[in-house]
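Examining the three-dimensional arrangement
Chain residues, written in single-letter form:
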Amino acid sequence: MNKLLQTSYKYDYNYNNLKNEDKKSKNNRSVTRVVFTYLIVIIIMGTCIVAYLSQTLTITHLSYKVNELQNELQKIDKENHELSLELARATSLSKIEKIARNELHMVEPEKTEIIVLNNNDTDISNKNKNSDRDKIFFLHFIDKIIDRIGTVKAGSRK
C-alpha cells in the first residue's frame, strides 16, 4: 500500500469546506484587532482632550481670580492713600494750632521767663565763667540763625 500525503479537508454537516471558515475567522480576528486598536487610540485621544480642556478652564478661572485680586488691591491702595492724606491733614501744625486756640482756648504766652538754678559752688562757677561765655555766645549765634530761618519761638509775635 502506497500512501500518499494529502491534505485533509474538514467537512461540517453541510459538507462545506472548513478551510474557508478558518480564513474568515483569521480575517475576523484581524478586524477585531484593528477595531480594538482604534478604540484604544480614541480613548487615549479623548483623555488627552479632556485633560487639555480641564487645564484651560483652570487657567481661565485663575486669570479671572488674579484680575479680581488686582482690582481689590487697587481699591485698597486708593483707600490707603486717602487715609494717609486724612492723617496728614489731621496732624498738621496749622490744624493742631487751630484746635488749640478755638476748642481748647489756649493762648500764646505774653512774656517769656527763664529761671536758672545754680547748684554749684561759687568758686567753680567763677572758674567756668569764661567757658560759659563761649557757650552763651554760641547759643546766641544759633538763636540768630534760627530767627532768620523763620521759626516761631514762644513769646514772639511772628
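Structural notes, computed from the coordinates. Being a predicted model, the structure only gives us computed values, none of them experimental.

A word on the overall build of the protein
In terms of regular secondary structure, the protein is built from four helices and zero strands. Along the protein, helices (α) and strands (β) appear in the sequence α-α-α-α when read from the amino end. Put simply, the protein has 158 residues, and 1% of those count as buried. If you sum the accessible surface of the protein, you get close to 16,200 Å²; carbon and sulfur atoms cover 59% of it.

Here's the deal with the pattern of salt bridges
All told, the structure shown has two salt bridges when counted by the stated rule. In this structure, glutamate 97 and arginine 101 form a salt bridge, with 3.0 Å as the shortest nitrogen-oxygen distance. Of the two residues, glutamate 97 and arginine 101 both sit in helix α2 (residues 93-102), four residues apart, roughly one turn of that helix. Classification of arginine 101 as partly exposed rests on a relative accessible area of 37%. Salt-bridge contacts for glutamate 108 lead to arginine 101; the nearest nitrogen and oxygen are separated by 2.7 Å. Linked through salt bridges whose partners overlap, the residues forming this network are Glu97, Arg101 and Glu108.

Re unusual backbone geometry
Located in the positive-phi region is histidine 105, a residue other than glycine, with phi close to 55°. Inspection of the secondary structure puts histidine 105 in the loop between α2 and α3 (122-127).

Some details on a nonpolar patch on the surface
Taken together, the side chains of Phe138, Leu139, Phe141, Ile142, Ile145 and Ile146 make up a nonpolar region of the molecular surface, amounting to roughly 530 Å² of accessible area. In this fold, isoleucine 146 is placed in helix α4 (residues 129-149).

Conventions we followed
As a convention, each chain's residues are numbered from 1 in the sequence order in which they are written. Only residues with pLDDT of at least 70 get local features here, since the model is predicted, and only at 80 or more are side-chain atom pairs given and counted; chain-wide, interface and lining totals rely on the full set of residues. Side-chain numbers come from the whole structure's heavy atoms, not from hydrogens or water. In DSSP terms, a helix is any run of H or I states spanning at least four residues, a strand is any run of E spanning at least two, and both are numbered starting from the N terminus. Relative accessibility thresholds used throughout: buried, under 20% of the residue-type maximum; exposed, over 50%; partly exposed, between the two (1.4 Å probe, protein chains only). Here the Shrake-Rupley method, with its probe set to 1.4 Å, supplies the accessible areas, and only the displayed protein chains count as covering residues. Only one rule defines a salt bridge in this text: a Lys or Arg side-chain nitrogen within 4 Å of an Asp or Glu carboxyl oxygen. Patches in this entry comprise residues that are over 30% relatively accessible and not in a salt bridge; like charges within 9 Å are linked, as are nonpolar side chains (Val, Leu, Ile, Met, Phe, Trp, Tyr) within 5 Å.

The values reported here are purely geometric and, on their own, carry no functional implication.
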